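# Structural overview for review
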Amino acid sequence: NSDQSPGASPFEGTILKADPETGEVEVFARGLRNPFDLVFGPDGALFVVDQDTNRGKGDLLLHVEQGDDFGHPYVRPELPVDPIGYKAPIAISDPLSSFTALVYVDPGTNFPEEYHGCFFVADWAAARVEMVRVARRGEHYEIVERKVFAEVEDPTDLAISREGTLYVLSYFGQRLYRIRPVSP
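Remember, predicted model here, so these are calculated numbers, not experimental data. (Residues numbered from 1 in each chain as written. Predicted model: local features only at pLDDT ≥ 70, side-chain atom pairs only at ≥ 80, totals over all residues. Heavy atoms only, no water.)

Attention shifts here to the packing of aromatic side chains. Two aromatic rings are characterised by how far apart their centres lie and by the angle between their planes. Scanning the entire structure with this criterion turns up 11 aromatic pairs. On the basis of an interplanar angle of 55° and a centroid distance of 4.8 Å, the ring pair of F47 and F119 is categorised as tilted. Of this pair, F47 sits in strand β4 (residues 46-50) while F119 sits in strand β8 (residues 119-123), and the two are 72 residues apart along the sequence. Considered together, F47 and F119 belong to a single accessibility category, that of buried residues. Here F111 and F120 contribute two aromatic rings whose centre-to-centre distance is 5.6 Å and whose plane-to-plane angle is 65°, an arrangement assigned as edge-to-face. Each member of the pair, F111 as well as F120, is classed as buried. Among the aromatic residues, those joined into a ring-pair cluster are F47, Y104, F119 and Y141. (Phe/Tyr/Trp six-rings, centres within 6.5 Å; stacked < 30°, edge-to-face > 60°. Helix = DSSP H or I, 4+ residues; strand = E, 2+ residues; numbered from the N terminus. Buried < 20%, exposed > 50% of the residue type's maximum accessible area, 1.4 Å probe, protein only.)

Structure (structure tokens):
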């Protein structure tokens, strides 16, 4: 299976849904290349970052609903293909970026209120963590704010605690960073 050919398994490039009672598995969404960190965000909606092809325009931030098809390997953002029937991404990273992790700041955490309801996205290649805020517009979400939150060497994973601490794992730096709000 090359980067641009259909998968050999019907489950390649999919998000699966499993029934814990019966063990039955079904395809929830398809057309992804390399999904990282499935996260429930505002209104309980599902979001994921999907790493693009090695030759692609960038990585994707996606809002995922049952039955969605994001088009991989047939649709690539940099090609002039009319993606009728495929769901578009909320955001595309810079071409040399690499989204590796995603977390949502639930309003119930002790993280500063200005970040409640936003996402943090780890961008490994750009050595940063971005803050991304989305808003629902009809049936879809769109970005209403996006900015660099922290510069961290090769951030590989993120976690946020209820107490309001953001943890950032650095792969090559072999460090775990702890970012906490400062009391006024």
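The next thing to look at is the sheet that holds β8. In spatial order, the strands read β7-β8-β9-β10; together these four strands make up an open sheet with antiparallel pairing. The open sheet has two edge strands, β7 (99-104) and β10 (140-151), and neither has a second partner. Taken pair by pair, the neighbouring strands of this sheet meet at an average axis angle of 25°, ignoring direction. (Pairing = 2+ DSSP bridges. Axes fitted to C-alpha atoms, helices over the stretch in contact; angles between N-to-C directions.)

Turning our eyes to something else, we now look at unusual backbone geometry. At A127, a position not held by glycine, the phi torsion is positive, near 55°. By secondary structure assignment, the location of A127 is in the loop between β8 and β9 (128-137). Despite not being glycine, D154 has its phi angle at roughly 30°, a positive value. Tracing the sequence through the fold places D154 in the loop between β10 and β11 (155-160). When its relative accessible area of 7% is taken as the criterion, D154 is described as buried.

If you trace the three strands from one edge of the open sheet to the other, you get β11-β12-β13, paired in antiparallel fashion. What marks the edges here is a single partner per strand, and that holds for β11 and β13 (175-179). Within this sheet the neighbouring strands show an average axis-to-axis angle of 20°, counted without direction. Bridge count between β11 and strand β12 (residues 166-170): five bridges; the pairing is antiparallel. Counted as the bridge partner of P155 is S170 from β12.

This brings us to the environment of R133. Summarising the element assignment, R133 is placed in strand β9. Distance in space between the C-alpha atoms of R133 and Y104 is 9.7 Å, their sequence separation being 29 residues. Within the structure, R133 has its side chain in polar contact with the backbone oxygen of E114 (distance 2.4 Å). (Polar contact = N/O pair within 3.5 Å; in protein donor to acceptor, adjacent residues only side chain to side chain.)

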